Amino acid sequence: GAVVSQHPSRVICKSGTSVKIECRSLDFQATTMFWYRQFPKKSLMLMATSNEGSKATYEQGVEKDKFLINHASLTLSTLTVTSAHPEDSSFYICSARELGAGYGYTFGSGTRLTVV
Amino acid sequence: GEDVEQSLFLSVREGDSSVINCTYTDSSSTYLYWYKQEPGAGLQLLTYIFSNMDMKQDQRLTVLLNKKDKHLSLRIADTQTGDSAIYFCAERTDSSYKLIFGSGTRLLVRP
């Protein structure tokens, strides 16, 4: 079946630095990828929708300059958390929608970001 | 607007059936999904139902959809300890490919 690889699974960084998270569809082409943020014991909050070759669409309240999204190819999207602060600590999950698929969304395994 | 709600917690004995409920507000939902999340992991698609269906069964899982009441349920038969996890329902509307998630129901299966 469809597999989405997300790396790293866990990262600790210092305040003020930037962190890049990769989301890669391994055996299918993803026209659209989604980035979510999940707070402890909470639901998934959609941050942005990423379409290959075009600018990402951000949800209301999500800072574009802080969460940079790049979807350079049909198999790779990246989320960069710039100038990270402790309040950015969270669980980030990507999902990919397969080109031509009706219902299917495949999720990555998530990235636990801790900013110290 | 879009809103999806679930009860927060359910506890059942091993071997019993579990029923997790979900309500949504957007009547234009096309697909409705159930996902399972284990601690520290991503989401695993359990099943989905198209909006023109009332019921879908897949092994131990039964999904019921009441479109009039905008109510979705997931029944897990013969619940096992390995079923303990958080279960999310999600809806997708025709107007976008975004998934809107409920708050998640934490299922605890007692031996």
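Up top is the structure.
Since we're looking at a predicted model, the values are computed, not measured. (Residues numbered from 1 in each chain as written. Chains lettered and ligands numbered in written order. Predicted model: local features only at pLDDT ≥ 70, side-chain atom pairs only at ≥ 80, totals over all residues. Heavy atoms only, no water.)

1. Topic: the overall build of chain B
Regarding its fold elements, chain B presents zero helices and 11 strands. Tracing chain B from N to C terminus, the helices and strands come up as β-β-β-β-β-β-β-β-β-β-β. Against the compact-globule benchmark of 13 Å for 111 residues, chain B has a radius of gyration of 13 Å, which places it among compact chains. Each of the three principal axes of chain B carries a C-alpha extent, and together these read 45 × 30 × 20 Å. Evaluated residue by residue, chain B yields a buried proportion of 47% over its 111 residues. Taking the contacts inside chain B whose residues are at least 6 apart along the sequence as the reference set, 56% of them involve residues at least 24 apart. Charged side chains of chain B number 12 positive and 14 negative; the gap between the two group centres comes to 2 Å. (Helix = DSSP H or I, 4+ residues; strand = E, 2+ residues; numbered from the N terminus. Rg over C-alpha atoms; globule rule 2.2 N^0.38 Å. Buried < 20%, exposed > 50% of the residue type's maximum accessible area, 1.4 Å probe, protein only. Contact = heavy atoms within 4.5 Å. Lys, Arg positive; Asp, Glu negative; His and termini not counted. Charge placed at Lys NZ, Arg CZ, Asp CG, Glu CD.)

2. Re the nonpolar core
Membership of the largest hydrophobic core comes to 25 residues, with the highest contact counts inside it found for Trp35, Tyr58, Phe67, Ile69, Leu79, Tyr92 and Leu113 of chain A. Breaking this core down by element, the ones donating at least two residues are strand S2 (10-13), strand S3 (19-25), strand S4 (30-38), strand S5 (44-51), strand S7 (67-73), strand S8 (76-81), strand S9 (90-98) and strand S11 (111-115) of chain A. If near-sequence neighbours (up to four positions away) are discounted, Phe67 of chain A is found in contact with Arg37, Met47, Tyr58, Val62, Leu79, Thr80, Val81, Asp88 and Tyr92 of chain A. In terms of nonpolar packing, the next biggest core, distinct from the first, is built from 21 residues, Val4, Cys22, Val63 and Leu65 of chain B among them. (Core = buried A, V, L, I, M, F, W, Y, C linked by side-chain atoms within 4.5 Å.)

3. Section: the interface of chain A and chain B
Between chain A and chain B, the contact holds 19 residues from the first and 19 residues from the second. Both sides together, the interface formed by chain A and chain B hides about 1,600 Å², and carbon and sulfur atoms give 59% of it. Our count for the chain A to chain B interface comes out at one salt bridge. Linking Glu59 of chain A and Lys98 of chain B is a salt bridge whose minimum nitrogen-to-oxygen distance equals 3.3 Å. Taken together, the links from chain A to chain B amount to four residue pairs in polar contact (both at pLDDT 80 or more). Residues of the side of chain A that touches chain B, tallied by class, amount to nine nonpolar, six polar and four charged. (Buried area = accessible area lost by both parts, 1.4 Å probe. Salt bridge = Lys/Arg side-chain N within 4 Å of Asp/Glu carboxyl O. Polar contact = N/O pair within 3.5 Å; in protein donor to acceptor, adjacent residues only side chain to side chain. Nonpolar A, V, L, I, M, F, W, Y, C, P; charged D, E, K, R; others polar.)

4. So, the pairing of strand S9 (residues 85-93) of chain B
All names here are of chain B. Of all nine residues that make up S9, nine are buried, and the element is covered over most of its length. Taking every second residue as pointing to the same face, both faces of S9 are buried, with Ala85, Tyr87, Cys89, Glu91 and Thr93 on one and Ile86, Phe88, Ala90 and Arg92 on the other. Bridge analysis of strand S4 (residues 29-37) against S9 gives eight bridges, and the strand direction is antiparallel. Following the sheet pairing, Gln37 is matched in S9 by Ile86. Bridge analysis of S9 against strand S11 (residues 105-110) gives three bridges, and the strand direction is antiparallel. The residue of S11 that forms the bridge with Tyr87 is Thr105. For S9 and strand S10 (residues 99-101), the ladder comprises three bridges, and the chain directions are antiparallel. Residue pairing across strands places Ala90 opposite Phe101, the latter belonging to S10. (Pairing = 2+ DSSP bridges.)

5. Focus: a nonpolar patch on the surface
Residue and element names in this part refer to chain B. A cluster of nonpolar residues, Leu8, Phe9 and Leu108, forms a patch on the protein surface that exposes about 320 Å² of accessible area. Inspection of the secondary structure assignment puts Leu8 in the loop between strand S1 (4-6) and strand S2 (9-13). What makes Leu8 exposed here is its relative accessible area of 61%. (Patch = residues over 30% accessible without salt bridge, like charges linked within 9 Å, V, L, I, M, F, W, Y side chains within 5 Å. Areas by Shrake-Rupley, 256 points an atom, 1.4 Å probe, with all protein chains shown as cover.)

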